[in-house]
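Given next are the chains, with one letter for each unit.
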Amino acid sequence: MTHTAADTRYDTMPYRRVGRSGLKLPAISLGLWHNFGDDKPLQTQRAILRRAFDLGVTHFDLANNYGPPPGAAEANFGRHLARDFRPYRDEMVISTKAGYDMWPGPYGEWGSRKYLLASLDQSLSRMGLEYVDIFYSHRPDPDTPLEETMGALDTAVRQGKALYVGISNYSPEQTREAARILAGLGTPLLIHQPSYSMFNRWVEDGLLDVLDEVGAGSIAFSPLAQGLLTDRYLSGIPAGSRAAGASPFLTAEGITEETLAKVRALDSIARRRGQTLAQTAIAWVLRGGRVTSALVGASSVKQLEDNVAAAGNLDFTDDELAEIENHLARQAG
């Protein structure tokens, strides 16, 4: 049976304006980087997507290479969209990206006009869409003029294949220049998607200031530091965890006793707030309103529900913020 969305889906989720645009995003968005490839059961994927929408998660974030294999997350999302969400398309913000290795040969990655526009056509075909709401340059290309890459994003909008454009993994300086070029073309930079968490704070060193300056929003990926900022590692590295496997994003060598001590201290603060560590980590990324939305993944409905519940308490006292800073700055003694 097709899905009938909950009447209460907009009752509790906060929505935040993206920069100076007219678009709003939910405080919590769902990313399909992991858990939506062909290695995961379609019924599990379907249950997660249904529950997310019923909880007010209107933004679903993809990229051409998400899988495995590359393209599978978009194809699977397209199946779920056709089956469950076609009547709700205008209530959804669907984004995709191009920039990483996608197909063989010299035109299958980076930031050329040829690659970006061909990739977008492929993405739309896989998802069964006429347009995406946001199309991103997934990473800067050191060998392609920024004018060409931004020009391709502008073309996507003018062709009606994207409503807005964004960038991901761009430095503050690259972001300012990309915004300048796009403004000149008449297609404003809507949003930047950077990695950001308690353990990865590079955006605070200029990027957020640039986004304020140019009027763009931001959506933070990996707010849980690839799972490190959850209760999973409180007692060390468990078998079957991401750090215990072959993930290049979270390795056992990178999880030191000093890091685990910080995780446990942060967990204590979270408990006093009536939250899990993951919920506090998500809320912390969203503190103060400078980040528009936190992008979370989910391997189960329960994990999704736990993460979305972070939106129920996004406020911190000055004392809590100071205590978090002290723990994050602490060195092993």
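For the structure, check the block above.
Residues numbered from 1 in each chain as written. Predicted model: local features only at pLDDT ≥ 70, side-chain atom pairs only at ≥ 80, totals over all residues. Heavy atoms only, no water.

> Please clarify how the sheet that holds strand β5 (residues 93-98) should be interpreted in this entry.
Pairing between the strands of a sheet comes from backbone hydrogen bonds, and it takes one of two forms, parallel or antiparallel. Sheet architecture is closed into a barrel: eight strands sit in the order β3-β4-β5-β6-β7-β8-β9-β10, paired in parallel fashion. Neighbour-to-neighbour, the strand axes of this sheet turn through a mean angle of 30°, independent of strand direction. Relative to β5, strand β4 (residues 59-61) runs parallel, the two being bridged by three bridges. Residue F60 lies in a different strand from β5, and its bridge partner there is I94. Along the sheet, helix α5 (residues 172-185) contacts β7 (162-168) and β8 (189-193); its crossing angle with β8, the most-contacted strand, is approximately 155°. (Pairing = 2+ DSSP bridges. Helix = DSSP H or I, 4+ residues; strand = E, 2+ residues; numbered from the N terminus. Axes fitted to C-alpha atoms, helices over the stretch in contact; angles between N-to-C directions. Contact = heavy atoms within 4.5 Å.)

> What am I meant to see in the nonpolar core here?
In a soluble, globular protein the nonpolar side chains are often hidden away together inside. Residues L30, F60, F77 and F135 are the most contacted members of the largest nonpolar core, which totals 87 residues. Considering each element in turn, this core owes the most residues, seven residues, to helix α8 (residues 277-285). Counting 11 residues, the second-largest nonpolar core is a separate cluster that includes V18, Y136, L190 and I191. (Core = buried A, V, L, I, M, F, W, Y, C linked by side-chain atoms within 4.5 Å. Buried < 20%, exposed > 50% of the residue type's maximum accessible area, 1.4 Å probe, protein only.)

> I would appreciate a short explanation of the pairing of strand β3 (residues 28-31) in the present structure.
In the case of a regular strand, side chains alternate between the two sheet surfaces. Here β3 shows a buried face lined by I28 and L30 and a second buried face lined by S29 and G31. Here three bridges tie β3 to strand β10 (residues 293-296), and the two strands are oriented parallel to one another. Residue pairing for β10: S29 is matched across the bridge by L295. With helix α1 (residues 42-54) bridging β3 and the parallel β4, this β-α-β connection has right-handed handedness. (Right-handed = clockwise from strand over helix to strand, strands pointing away.)

> How should the side chain of Q226 be read in this particular structure?
Mapping Q226 onto the fold places it in the loop between β9 (217-221) and α7 (257-272). Looking at Q226, its side chain comes within polar contact range of the side chain of S222, at 3.0 Å. (Polar contact = N/O pair within 3.5 Å; in protein donor to acceptor, adjacent residues only side chain to side chain.)

> Quick question: what am I supposed to make of the packing of helix α4 (residues 146-158) against α5 here?
A pair of packed helices is characterised by two quantities: the angle between their axes and the separation of those axes. Interhelical geometry of α4 versus α5 gives an angle of 45° and a closest axis separation of 9 Å. Here α4 lies oblique to α5, going by the angle between them. Relative to α5, the crossing made by α4 is right-handed. Mapping the contact onto sequence places L146, E147, M150, G151, L153, D154 and R158 in α4 and Q174, E177, A178, R180, I181, L182 and L185 in α5. (Parallel < 35°, antiparallel > 145°, perpendicular 65-115°, else oblique. Left-handed = near helix turned anticlockwise from the far one by under 90°.)

Fair warning: the whole summary comes from geometry, so function is off the table for now.
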